[in-house]
Amino acid sequence: MSTKLWGGRFTGKTDPLMEAFNASLPFDQRLWRVDIAGSQAYAQALVDSGLLTQSECKAIVDGLDEVVVEWAEGRFAVNAGDEDIHTANERRLAELIGTVAGKLHTGRSRNDQIATDIRLWLREEVDVLRGYLNGLITTLIERAEQEIDILMPGYTHLQPAQPVRWSHWLLNHAWAWQRDAERLVELRRRVNQLPLGAGALAGNPFNVDRAALAQALGFEGVTANSMDSVSDRDFIAEFLFWASLTMIHMSRLAEDLIIYSSREFGFVTLADAYSTGSSIMPQKKNPDSMELLRGKSGRVFGDLSGLLMTLKGLPATYNKDLQEDKEPLFDAVDTLSSSLQIATGVLSTLTVNAQRMAQSLVPEMLATDLAEYLVRKGIPFRETHHVAGTAVRLSEQSGLPLTKLTVAQLQSLHPAFGEDVLSVWDYERSVDARDAEGGTSRRAVLAQIGRLRQWLATN
Ligand code: ARG
């Protein structure tokens, strides 16, 4: 008899290269724990269906406990013939407890088994990633609170636009990750559905109690269609999209910090712990952590597009193509796990050079405020925008900073200018004028922090 679990109808030998090509154990062994948890719950379900006696079930569950210990202690000996994590665990169980092990797979297929394993595994990882995301958001909130008084230039098109609070910039990234956190919670519900009991594709002939299985394994519900159950990988695609979008946010943060930490900007200094030197230029301190975050976003998009290509055009139901779902998933989980922690480390250790930020605030950034001054005197904005633009031109022509134009010069541009126009030339005042919800005033930023904290406390 062939030693392969499916060996019955085969007579010829498998090409050794095919053997390796087909094997998923090298990467799916990280599912060992959830694979065994699923089998132990399934053994109990077989008892409830009258297919296993209590003592047979106990033998299987205890045997699997031993297999757990072997994996946990790094003692599990992989056999050349072990094709995947399911066959490896079952082979080892049979060695430990004998032929009764052969009853475990009754009514089950590796097709519903692998779908169950990935969902169990991903559910746990989602919770871990959610914790890292919360840590990252918390770091941003804390910094924003402590450094609320620091002002910096805000940019559009990477051109100096208007002054903002440094805290406001920090929180602009926090909100992107807050949405990512919400998305993660939402997709977790769809991950957390039990496919076990779908069999190979047509369902379970022994009437296993799937609701009880779901409860035992902590699933929120059972999948509704056995054919869909064994071929659905939407939850992985969804996760990979989540990972991609989260990495886009990561990459945009990285780009900001690479620019802000450059010598030309000098707004922030990354901690040595997250920078590296050059092997030839002794003066260099490079923002490698940020460049890697920006770079790693690309590989995660690759994970997503790779899986989408794999899924496209598959006929119903299980096809071996689906074995290609795991490596991109594992890669994305690992990349997100380290990226979220690195970003948290960078953000909690960088130093802000408030003085450099203040020196980079230039008078032109108050041109909008000049227009708004006239608006408050009742002049239509379109007109005041034009007047302020003329003032900028006048300052350029006369070589005087905008803020040094005399009241008389300004009055020559519009009669509504009065002595009080001098109060416009104040970056702090400009920032605090933007006090509507979501703005950069001190009050509005503190309100934002309150909103984020409230969300953190209830999620
Ligand atoms: N290693 C396989 C996978 O990852 C498990 C399912 C195998 N099913 C099968 N019918 N060969 O998809």
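Residues numbered from 1 in each chain as written. Predicted model: local features only at pLDDT ≥ 70, side-chain atom pairs only at ≥ 80, totals over all residues. Heavy atoms only, no water.

Topic: the environment of E324
One can find E324 in the loop between α11 (288-311) and α12 (326-349). Along the primary structure E324 and T310 are separated by 14 residues, whereas in three dimensions their C-alpha atoms are 7.2 Å apart. (Helix = DSSP H or I, 4+ residues; strand = E, 2+ residues; numbered from the N terminus.)

Topic: the site of the ligand
Every residue near the ligand is listed here: S24, D84, H86, R110, N111, I114, Y318, Q323 and K326. At a separation of 3.3 Å, a nitrogen atom of the ligand approaches a polar side-chain atom of D84. Contact between the ligand and Y318: an oxygen atom at 2.5 Å from a side-chain N or O atom of the residue. In isolation the ligand offers 340 Å² of accessible surface; the protein chains occlude 87% of this area. Ranked by residues supplied to the shell around the ligand, first place goes to helix α6 (residues 110-146) with 3 residues. The residue makeup of the shell around the ligand, split by class, is 2 nonpolar, 4 polar and 3 charged. (Near = heavy atom within 4 Å. Polar contact = N/O pair within 3.5 Å; in protein donor to acceptor, adjacent residues only side chain to side chain. Areas by Shrake-Rupley, 256 points an atom, 1.4 Å probe, with all protein chains shown as cover. Nonpolar A, V, L, I, M, F, W, Y, C, P; charged D, E, K, R; others polar.)

Some remarks on unusual backbone geometry
The omega torsion of the bond from A316 to T317 falls at 10 degrees, within 30 degrees of zero and hence cis. Among the secondary structure elements, T317 is positioned in the loop between α11 and α12. The phi angle at H157 is positive, at roughly 55 degrees, despite the residue not being glycine. Along the chain, H157 falls in the loop between β1 (151-156) and β2 (159-165). Positive phi, normally seen in glycine, also occurs at N207, with a value near 55 degrees. Here N207 shows up in the loop between β3 (193-194) and α8 (210-216).

Notes on the nonpolar core
Formed by 100 residues in total, the largest nonpolar core has its most connected members in L122, W166, F239, W242, L257, M290 and L350. Top element by residues in this core is helix α10 (residues 234-260). It accounts for 15 residues. If near-sequence neighbours (up to four positions away) are discounted, L122 is found in contact with V191, F235, F239, L329 and V333. Within the second largest apolar cluster, 24 residues are counted, among which are M365, L370, Y373 and F417. (Core = buried A, V, L, I, M, F, W, Y, C linked by side-chain atoms within 4.5 Å. Buried < 20%, exposed > 50% of the residue type's maximum accessible area, 1.4 Å probe, protein only. Contact = heavy atoms within 4.5 Å.)

A few points about empty space enclosed by the protein
Evaluated as defined, the whole model comprises 1 cavity of 30 Å³ or more. Of the voids in this model, the largest cavity is the one considered here, and its volume is about 50 Å³. Considering the residues around the largest cavity, the lining is formed by D35, I36, S39, L64, H86, N89, E90, L104, R108 and Q113. Grouping the constituent residues of the lining of the largest cavity by class yields 3 nonpolar, 4 polar and 3 charged. (1 Å grid on protein atoms, 1.4 Å probe; cavity = no way out; pocket = protein on both sides within 12 Å on 5 of 7 lines; lining within 4 Å. Points joined across faces, edges and corners; volume = space filled by probe spheres on them.)

Considerations on the pairing of β2
Pairing between β1 and β2: 6 bridges, direction antiparallel. Bridging across to β2, M152 finds its partner in V164. In this structure, the hairpin formed by β1 and β2 is closed by a connection of 2 residues, where H157 is found at a positive phi of approximately 55 degrees. (Pairing = 2+ DSSP bridges.)

Remarks on the pattern of salt bridges
Between side chains of opposite charge, pairing is possible as soon as their charged atoms come close. Overall, the coordinates contain 31 salt bridges when judged by the stated rule. Note that E56 and K103 form a salt bridge whose closest N and O atoms lie 2.9 Å from each other. A residue pair is termed long-range when its members are at least 10 positions apart, and E56 in helix α4 (residues 54-72) and K103 in the loop between α5 (85-97) and α6 qualify at 47 residues. Linking R294 and E255 is a salt bridge whose minimum nitrogen-to-oxygen distance equals 2.5 Å. In this pair, R294 is assigned in helix α11 and E255 in helix α10, connecting sequence segments 39 residues apart. Here the salt bridges share partners, and the residues they tie into one network are E70, D82, R91, R92 and E95. (Salt bridge = Lys/Arg side-chain N within 4 Å of Asp/Glu carboxyl O.)

Thoughts on the packing of α4 against α5
Their axes nearest at 9 Å, the elements α4 and α5 cross at an angle of 115 degrees. α5 is crossed by α4, and the crossing has right-handed handedness. Counted together, A59, I60, G63, L64, E66, V67, E70 and W71 of α4 and I85, N89, R92, L93, L96 and I97 of α5 form the full contact between these two elements. When grouped by side-chain class, the residues that make up the contact of α4 with α5 number 9 nonpolar, 2 polar and 3 charged. (Axes fitted to C-alpha atoms, helices over the stretch in contact; angles between N-to-C directions. Left-handed = near helix turned anticlockwise from the far one by under 90°.)

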